[in-house]
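Here are the chains, one letter per residue:
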Amino acid sequence: MASSTNEGSVNETRSGKKSKNNTNQVDESQLFTVPDGWKEPAFTKDDNPKGLLEESSFATLFPKYREAYLKECWPLVQKALGDSHIKATLDLIEGSITVCTTKKTFDPYAVVRARDLIKLLARSVPFEQAVRILEDDMACDIIKIGTLVRTRERFVKRRQRLIGPKGSTLKALELLTNCYVMVQGNTVSALGPFNGLKEVRKVVLDTMKNIHPIYNIKTLMIKRELSKDPELRLQSWERFLPNFRHKNLTKRKEPKKKTTKKEYTPFPPQQPESQIDKELATGEFFLRESVKKRKKMEEIKVKQAEVLSKRQEERNRAFIPPKEKPVMKKTNKGTVNHLNNYVLNYLLSF
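Let us look at the structure shown here. (Residues numbered from 1 in each chain as written. Predicted model: local features only at pLDDT ≥ 70, side-chain atom pairs only at ≥ 80, totals over all residues. Heavy atoms only, no water.)

Bringing the sheet that holds strand β6 (residues 187-192) into the picture now. On the basis of which strands lie adjacent, the open sheet formed by 3 strands has the order β4-β6-β5 and antiparallel pairing. Unpaired on one side and paired on the other, β4 (139-144) and β5 (180-184) mark the two borders of the sheet. Across the sheet, the axes of successive neighbouring strands diverge by a mean angle of 15°, strand direction being ignored. Sheet analysis places β4 next to β6, joined by 6 bridges and oriented antiparallel. Across the sheet, C140 pairs through a bridge with L191, a residue of β6. Sheet contacts for helix α7 (residues 194-208): β4, β5 and β6; angle to β4, the most-contacted strand, approximately 10°. (Pairing = 2+ DSSP bridges. Helix = DSSP H or I, 4+ residues; strand = E, 2+ residues; numbered from the N terminus. Axes fitted to C-alpha atoms, helices over the stretch in contact; angles between N-to-C directions. Contact = heavy atoms within 4.5 Å.)

In structure tokens form, the structure reads like this:
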């Protein structure tokens, strides 16, 4: 009996493995594909006529500088949440916003969208953009970047790199991902479709890891063009995507004088000649000290004379007048002709 049960269990495991392999080897052409332009029908009161059993509520704090803006746009917030029967309260003393369900609320996910709305409003996202979170195809993501970099200076530089000159990098990222991106303080708030939010999070985290966002933007541009081709949808895009390698460049400056190693020789180098050896070679060693002193003094006087002559030449240069161009005297034609006539008359008189 025990052997039969063991055999049965072994057969079941084998059959299970085979079924898993079969499921992995299913043709992609036989899989169900969602047609283009299809949308899930909206959740109405007919889907949940009895409403909710319990009350759910969410609260969030907002900074002091957002108080004036929230006061101004609060009627619009209440009107937008009133369509889903969500109650919203603004407490200016505590600096908090609270949203909660009511007896008329029929959509259980509406309070979660209202929570995301107040989070975006607290993170300096304008109401015109934040109210889009109440739509079905929209989602939001708040990325915390304050703890990803140690030093404050590096953090500010990399955050500015994400924004780009005059916000050009952030605008390019918004166009490629169809998301609204807001960089504020130590967080990055993104609002848009799910696929776009995934790409925005990747770009933001890579930028904080010292990878320039232009590389990811270039990859997104290539993916956007490839997605337009229906033949390449089921194929791998790795051959088309660029592969950027990170280079660790050393910041150490190279020395001006580079020392090159000489070839190794087992013999020691020849000892340099000492001053006594040089004097023995020239014969100065055998001279008297008075003669040596006289020679040194003569050499010093010769050097001094050369230096004095050079200095004198430099001083005399200031007194040498510059070469002037020869001045041509201007003569009037009338006076020249008059002289010529006078000379001719004088010669003819003889």
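On to helix α5 (residues 152-163). The end-to-end C-alpha distance of α5, which contains 12 residues, comes to 17 Å, matching closely the 16 Å that a straight helix rising 1.5 Å per residue would cover. Within α5, burial applies to F155, R158, R159 and L162. Along α5, the residues classed as buried sweep out an arc of 100° about the axis, all on the same side. Summarising the geometry of α5, the exposed residues directed more than 90 degrees from the buried face are E153 and K157. On its buried face, α5 is in contact with α6 (168-177), β5, β6, α7 and α8 (213-227). A positive backbone phi angle near 85° is found at G164, which sits one or two residues after α5. (Expected span 1.5 Å × (residues − 1). Buried < 20%, exposed > 50% of the residue type's maximum accessible area, 1.4 Å probe, protein only. Arc of directions from axis to C-beta.)

As a further point, take the packing of aromatic side chains. Scanning the entire structure with this criterion turns up 2 aromatic pairs. Where F43 meets F106, the ring centres are 6.4 Å apart and the plane angle is 10°; that geometry is what we call stacked. Placement of F43 in the loop between α1 (2-24) and β1 (57-61) and of F106 in the loop between β3 (96-101) and α3 (110-122) is noted, with a sequence separation of 63 residues between them. On the accessibility criterion, F106 (14% relative accessible area) is buried. Relative to F286, the ring of F285 has its centre 5.6 Å away and its plane inclined at 85°; by these criteria the two rings are edge-to-face. Judged by its relative accessible area of 64%, F286 falls in the exposed class. Between R115 and the ring centre of F58, over which it is positioned, the NZ or CZ distance is 5.4 Å. (Phe/Tyr/Trp six-rings, centres within 6.5 Å; stacked < 30°, edge-to-face > 60°. Lys NZ or Arg CZ within 6 Å of the ring centre and 35° of its normal.)

By the bridge criterion, 6 bridges tie strand β2 (residues 86-91) to β3 in an arrangement that is antiparallel. Directly across from L90, in β3, lies its bridge partner I97. Where β2 hands over to β3, the hairpin turn is made up of 4 residues, of which G95 adopts a positive phi near 75°.

Inspection of the secondary structure assignment puts R158 in helix α5. Buried within the structure, R158 lacks any salt-bridge partner; its nearest side chain of opposite charge belongs to D206, at an N-O separation of 11 Å. Contact partners of R158, with chain neighbours within four places excluded, come to V149, T207, M208, K209 and N210. (Lys, Arg positive; Asp, Glu negative; His and termini not counted. Salt bridge = Lys/Arg side-chain N within 4 Å of Asp/Glu carboxyl O.)

Below, the discussion takes up the nonpolar core. Counting 26 residues, the largest nonpolar core has V77, L81, I86, V99, L117 and L121 as the members making the most contacts within it. Among the secondary structure elements, those contributing two or more residues to this core are α2 (67-82), β2, β3, α3 and α4 (127-130). With 9 residues, α3 is the largest single contributor of residues to this core. Ignoring any residue separated from it by four or fewer positions in sequence, one finds L81 in contact with I86, A88, V99, A114, L117 and L134. V188, M208, I217 and L220 belong to the second-largest nonpolar core, a separate cluster that totals 21 residues. (Core = buried A, V, L, I, M, F, W, Y, C linked by side-chain atoms within 4.5 Å.)

This next bit is on unusual backbone geometry. The backbone of H85 sits at a positive phi, close to 60°, despite the residue not being glycine. Examined against the element boundaries, H85 turns out to sit in the loop between α2 and β2. Notably, N210 is not glycine yet its phi reads approximately 70°, a positive angle. Counting through the fold element by element, N210 comes out in the loop between α7 and α8. Taking relative accessible area as the criterion, N210 reaches 34% and is therefore assigned partly exposed.

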